[in-house]
Amino acid sequence: MSHKSNSLKHLALQKFKRNFWGVFSFCFIILVGVISVFAYVLAPDDSQYANQMHLAIHSKKPGFKVNMLTMPSEISNEQSGFDKLFFGKKNANTEIPISDYAIEDDVLVYKEYASDGLEGAEKSVKLNTFPNNASTDYIVEKTFLFGTDKYGRDLLSRILVGARISFFIGFVAVLISLIIGILMGSIAGYFGGRVDAIIMWIINVTWSIPTLLLVIAITLALGKGFWQVFIAVGLTMWVEVARVVRGQIISAKEMQYVTAARALGYNDYRIITKHILPNIMAPVIVISAANFAAAILIESGLSFLGIGAQPPMASWGAMIKDHYNYIILGKPYLAIIPGLCIMSLVMAFMLIGNALRDALDVKG
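Residues numbered from 1 in each chain as written. Predicted model: local features only at pLDDT ≥ 70, side-chain atom pairs only at ≥ 80, totals over all residues. Heavy atoms only, no water.

Enquirer: Please give an account of the confidence of the model for the chain that cites residues and values.
Expert: Residue-level pLDDT values for the chain average 86, and 95% of them are 70 or greater. At the low end of the mean pLDDT range in the chain sits helix α1 (residues 2-17), at 73; at the high end sits helix α2 (residues 20-37), at 94. (pLDDT = per-residue confidence, 0-100. Helix = DSSP H or I, 4+ residues; strand = E, 2+ residues; numbered from the N terminus.)

Enquirer: Explain the sheet that holds strand β2 (residues 94-104) to me, and be specific about the residues and the numbers.
Expert: Reading across the sheet, the five strands line up as β4-β3-β2-β1-β5 and stay open at both edges, with antiparallel pairing between neighbours. Bordering the open sheet on either side are β4 (122-126) and β5 (139-144), each of which pairs with just one other strand. Neighbour to neighbour, the strand axes of the sheet diverge by 50° on average, direction disregarded. Pairing analysis gives five bridges linking strand β3 (residues 107-112) to β4, with the strands arranged antiparallel. Looking at β4, one finds that Leu 108 is bridged to Val 125. (Pairing = 2+ DSSP bridges. Axes fitted to C-alpha atoms, helices over the stretch in contact; angles between N-to-C directions.)

Enquirer: So, the packing of aromatic side chains: which residues are in play, and what are the values?
Expert: Inspection of the entire model under this criterion finds 13 aromatic pairs. Between Phe 167 and Phe 168, the aromatic rings sit 5.9 Å apart at their centres with planes inclined by 90°, giving edge-to-face as the arrangement. Judged by relative accessible area, which is 29%, Phe 168 ranks as partly exposed. These aromatic residues form a ring-pair network of at least three members: Phe 167, Phe 168, Phe 171, Phe 292 and Phe 349. Taking NZ or CZ as reference, Arg 243 lies 4.7 Å from the ring centre of Trp 207, over its face. The ring centre of Tyr 266 lies 4.1 Å from the NZ or CZ of Arg 270, which sits over that ring. (Phe/Tyr/Trp six-rings, centres within 6.5 Å; stacked < 30°, edge-to-face > 60°. Buried < 20%, exposed > 50% of the residue type's maximum accessible area, 1.4 Å probe, protein only. Lys NZ or Arg CZ within 6 Å of the ring centre and 35° of its normal.)

Here is the structure:
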């Protein structure tokens, strides 16, 4: 039996490997996962939430370059390496875009950057403000590969940091939906009768409420925030898992191996967890991939409505909300780039779901 099970797993893996789009989507999802975990290592702006604002250079096109003067702060922010790696740098330094600078005696004279042909204000600062009087070490040319948003923040950094919310909300939402859905579906399908009727009534009531409306209601009850959105989305997606698990268990509990397990005196918990669930996980895996994509779309919609991840947190949906009016103002990339990110990640999960469905189809 174990040899046969291993053979089926090997066959499914071989079928999945032959699906180009499935393998490509899997690699893409792994890439996005690595980016979301190490976003602050890869982002040009490694401040918390990539929130370093420069209003003088707002809404600049991709590839924009400018000299940036960093003014050291006397405030010391002690952070561990782990904190900087995963949560960004608590940057107390001030960054000033400049168009020109010169050193006169012991003073650094610089001209602030001004767009649209305007003249920036000319200011000066003493060299002893900088450690070892090395003012030129604090002037670097910065390139904004994706341009800047309407607040002058680096759009590429915001996109990379925003991947974390979209990616991890899928994991948390799917995890919550699997825990509740498998539990409720298993109890309903295995025991049947009045227990099944009560659980199906709860499922049907939950199913009848529009998903986005239910998420909004739960979010308002729990409060606006990062984890509240994760929990809210997960609590609305369990019904699909429960219906699939219930249907599969109703069919599986009449199989001979379940009858044999009962005859051997195994309790209901062991029969469900050790014998039935391992044999019905294929459709659950497929629906989990679809739920992952749905969770990303729901979170983006909530952020667009302003009740998802709250500023200054970077979220792809919030970026579209902030810049959708720029589509008619000649700078559509500010909304199109995060939109393409959402589309590509959702498409990857849908394609990998289709690939898993084909690979796990024993009739194929």
